[in-house]
Amino acid sequence: MKIAFIGQPNAGKSTLFNSIAGYKTVTANFPGQTVHYTVSKVTVANETFEIVDLPGIYSLTAIDKAELESRKFILSGQANVIINVIDASTLSRSLELTLQLAELQVPMVICLNMIDEAKRKGIDINVEKLSNIFGIPVIETIANKGIGLDRIFTSAKEAFYKNLIPKIQYFHKDIEERIHEIEKILPAEFTSKIPKRYTAVKLLEGDTELFKEIDRYPEVLNKINEIREEIKISHGRHTDTVISSERHALTMNIFEEVAKVVEPNKTLREKIDDLLTNKYLGYPLLFFILFGIFFIVFEIGKFIEEPLINKFDSLIQQLPEYVTEDSFMFFILKGLLEGFSGGLGVAIPYLIPFFIGLTILEDIGYLPRMAFLMDTVMHRIGLHGKSILPFIISYGCNVPGVMATRILESPRDRFITAALSVFVPCAARTTIILGLIGAYIGGFAAAGLYIFNLFVIMIIGTIFTKFIPEITPGLIMEIPPLRIPTFKNVFMKTWLRLKDFMIVAWPLLVISSIILSLLEYLNLDLFLNKLFSPIVSWILGLPEQTGITLLFGILRKELSMIMLFQAMDTTNLNTVMTKIQLITFTIFTIFYIPCVGTMGALIREVGTKKTILITALSIAIAIILSIIVRFIFSILYNS
Amino acid sequence: MKTLINIDNGKKVKILKISGGKNIRQHLQCLGIHIGDVVTLKKRSFLGGPVLLEINGYDVALGKGVASKIEVEEVE
């Protein structure tokens, strides 16, 4: 049996899914977090269920790319049962989606999630009445506390075996007559798989996707346009507004019938919320929160990394005692140890605290508040507040950052945000900034580099906007209530993100390190370095040996630094490189070329052509910036 | 005609008209914002930036451009 979880963004689908399927999707208190869907198999009482977690959708009218994917899946008819997950605290609005899902005529269960939050808001829902109205099972859950989850499968089975299809809630008679008129003229290919009513209503609403398909039947299209025009004249509003108002009226009626609302007290949460988005205090708070996270990550990281790396360094030093120096085995072991310690030095000290910090911010629901605060600033670079989310995620890793651009509505915004996201220093590049600039020049220089990076991103954004002007109306985004993160969720999400690093990146690091070591053994590294020397030595003014490290950086950015230690044969780089060289090297690695993983994500999100464009642009920017920096610092240090 | 931009913080208003294209209209409808709804303008960000609305018990942020397209009248 295939069960699909469908609901509006931030209704807790992913949390629900994770608690019953084991942790497989990343959840967040931000609308539209699930950007691709996850399928999982669960066996309960000898029965195997295939469950699908879909991106949240406000309505079956798809607004952004993530919503379109959900809709396509639902319409494909693959799901045997739909579980409509509803944030009980926003019941009236959530029911608008439920009404549309009912039109698909698939067995369904309504899952009222976050019942505790609804109670806090003073909403009391009569489950039985709601169940009677739609004629389907209605269950109550609190997903993050694991309450009520056992009833999901039993009610899904009930809906499936008893074929409990939701009752359609009808609009006013005049509209129903119009729907019926369209149903009668629909070509057969539109009615064979999907219920007529759904298609007819969506056509009345002027659905862009369906209109493209119906284009092949000019008479039908003409008739529909005629009906739409008539409704517009008789109601004095656009047809989509009329339908939407009808639905709104229906849900308000249902809501009044099933829910009792008492005025809630102003809670501490709301007072904190008020402060976080305060016109004046919001900004220093934003600064302190972000700065605090980076500071803590840096301090914890340094504290753990040093003893860890020292341990491995001494091990590598002792290596000649066990294996003959300069033998084939020696180079393999040396590469292996260096790669392994490199990964360990990044993952444990820096990634874990960063992921914990990011997860807590996500789960509290701070990110949408940031979007609200930053909207005005983002408009300066031709984007709106929502774009801040991909940027913030990119500080962790560019791959999910680029993928998060799907929450944006227009292709233009998606492209610019994706292009700018790759310039955001991810955790890997952060280790380079901290490991090279922080360690050899100082913490303030490292912080300065971040500000410089932001400044460059803003300039690039401004230039983009000059060429591709802003057309979007701007920010339209739900701000979910503040929530207290659960320990379990923070732990599991951090683990999930870390696992990604450990099973994909770490082995890659070890293998690359061994390859580099072997290249050294075969003296091939010198040849490759010669090949790159025009750029590396002439333009960037770096030691010739760094050429190969930059090549490896394309695989994983942190490889550049780890390989740098390898290539220069020391962990005390300041003895072999000048400060100017360290700065130039760091700036070049921050900007030059997205890593392989990011390029893959870019191809998926914006296409191959634009990915090549972004890559070429990044190389050009890296070279230009490196030359400028090298030039300026040469003057500064020499005078 | 007043739009959401000209409303003081904390005021309750009724939505009269949503101008602008189909996209913005439908997007607002999907979020449960309809003509005739009564909403509270909770706050406004810096430099006349986005506004924060409360509608039927949840919050929605609207950028300046969007807010200027929503015509409203004060109630109470």
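Up top is the structure.
Cut-offs applied
- Residues numbered from 1 in each chain as written.
- Chains lettered and ligands numbered in written order.
- Predicted model: local features only at pLDDT ≥ 70, side-chain atom pairs only at ≥ 80, totals over all residues.
- Heavy atoms only, no water.
- Phe/Tyr/Trp six-rings, centres within 6.5 Å; stacked < 30°, edge-to-face > 60°.
- Buried < 20%, exposed > 50% of the residue type's maximum accessible area, 1.4 Å probe, protein only.
- Lys NZ or Arg CZ within 6 Å of the ring centre and 35° of its normal.
- Contact = heavy atoms within 4.5 Å.
- Buried area = accessible area lost by both parts, 1.4 Å probe.
- Salt bridge = Lys/Arg side-chain N within 4 Å of Asp/Glu carboxyl O.
- Polar contact = N/O pair within 3.5 Å; in protein donor to acceptor, adjacent residues only side chain to side chain.
- Helix = DSSP H or I, 4+ residues; strand = E, 2+ residues; numbered from the N terminus.
- Pairing = 2+ DSSP bridges.
- Expected span 1.5 Å × (residues − 1).
- Bend = angle between axes of the 7 residues up to and from the residue.

Draft legend 1. Geometry of the packing of aromatic side chains. Scanning the model with the defined rule gives 13 aromatic pairs over all chains in all. Aromatic side chains Phe-160 of chain A and Tyr-161 of chain A sit 5.1 Å apart centroid to centroid with 70° between the ring planes, which places their arrangement in the edge-to-face category. On the accessibility criterion, Tyr-161 of chain A (55% relative accessible area) is exposed. With 6.0 Å between their ring centres and 70° between their planes, Phe-287 of chain A and Phe-288 of chain A make a pair best called edge-to-face. Of the two residues examined, Phe-287 of chain A and Phe-288 of chain A, each falls in the exposed class. Taken together, the ring pairs in this structure connect Phe-328, Phe-330, Phe-331 and Tyr-521 of chain A into an aromatic cluster. If you follow Arg-93 of chain A out to its NZ or CZ, it ends over the ring of Tyr-58 of chain B, 4.2 Å from the centre. Over the aromatic face of Phe-171 of chain A sits the side chain of Arg-197 of chain A, whose NZ or CZ is 5.4 Å from the ring centroid.

Draft legend 2. How the structure looks around the interface of chain B and chain A. Listed per partner, the contact involves 33 residues of chain B and 41 residues of chain A. For the pair chain B and chain A, the summed buried area comes to about 3200 Å², and 57% of that belongs to carbon and sulfur atoms. When the area that chain B buries against chain A is broken down by residue, the three leading residues are His-27, Cys-30 and Lys-43 of chain B, summing to 18%. Inspection of the chain B/chain A interface yields two salt bridges. The tally of links between chain B and chain A comes to 16 residue pairs in polar contact (both at pLDDT 80 or more). Those elements that provide at least two residues to the side of chain B that touches chain A are helix 1 (22-30), strand 2 (38-44), strand 3 (51-55), strand 4 (58-62) and helix 2 (64-67) of chain B. One ladder, built from four bridges, connects strand 9 (residues 476-479) of chain A with strand 4 of chain B; its direction is antiparallel. Paired with Ile-479 of chain A across the two strands is Asp-59 of chain B, which belongs to strand 4 of chain B.

Draft legend 3. Quick look at helix 23 (residues 524-539) of chain A. Compared with the 22 Å implied by 1.5 Å per residue over 16 residues, the 23 Å span of helix 23 of chain A between its first and last C-alpha is a close match. At Phe-532 of chain A, helix 23 of chain A shows its largest bend, some 70°, and a proline, Pro-534 of chain A, comes one to four positions later.

Draft legend 4. Quick look at the pattern of salt bridges. All names here are of chain A. Under the counting rule described, the total for this entry stands at 28 salt bridges over all chains. The closest approach of N and O atoms between Arg-71 and Asp-207, which form a salt bridge, is 2.7 Å. A residue pair is termed long-range when its members are at least 10 positions apart, and Arg-71 in helix 2 (residues 65-75) and Asp-207 in the loop between helix 9 (196-204) and helix 10 (208-214) qualify at 136 residues. On the basis of relative accessibility, which here comes to 6%, the residue Arg-71 falls in the buried class. Between Glu-362 and Lys-493 there is a salt bridge, with the nearest N and O atoms lying 2.9 Å from each other. With Glu-362 in helix 15 (residues 328-364) and Lys-493 in helix 22 (residues 487-521), this pair connects stretches of sequence that are 131 residues apart.

Draft legend 5. Summary view of the environment of Val-456 of chain A. Residues and elements named next belong to chain A. Mapped onto the secondary structure, Val-456 falls in helix 21 (residues 443-467). In the structure, Val-456 is positioned 147 residues away from Ile-603 in sequence and 24 Å away in space, judged by C-alpha atoms. Not counting the four nearest positions on each side in its chain, Val-456 is found in contact with Phe-591 and Leu-625.

Draft legend 6. Just the pairing of strand 1 (residues 2-7) of chain A, in detail. Residue and element names in this part refer to chain A. For strand 1, a buried count of six out of six residues is recorded, marking the element as mostly surrounded by other parts of the structure. On strand 1, burial covers both faces: Lys-2, Ala-4 and Ile-6 on one face and Ile-3, Phe-5 and Gly-7 on the other are all buried. Pairing of strand 1 with strand 3 (residues 47-53) involves four bridges; the strand directions are parallel. When the bridges of strand 3 are listed, Ile-3 appears paired with Ile-51. Sheet analysis places strand 1 next to strand 4 (residues 81-87), joined by five bridges and oriented parallel. Its bridge partner being in strand 4, Ile-6 is matched across the sheet by Asn-84.

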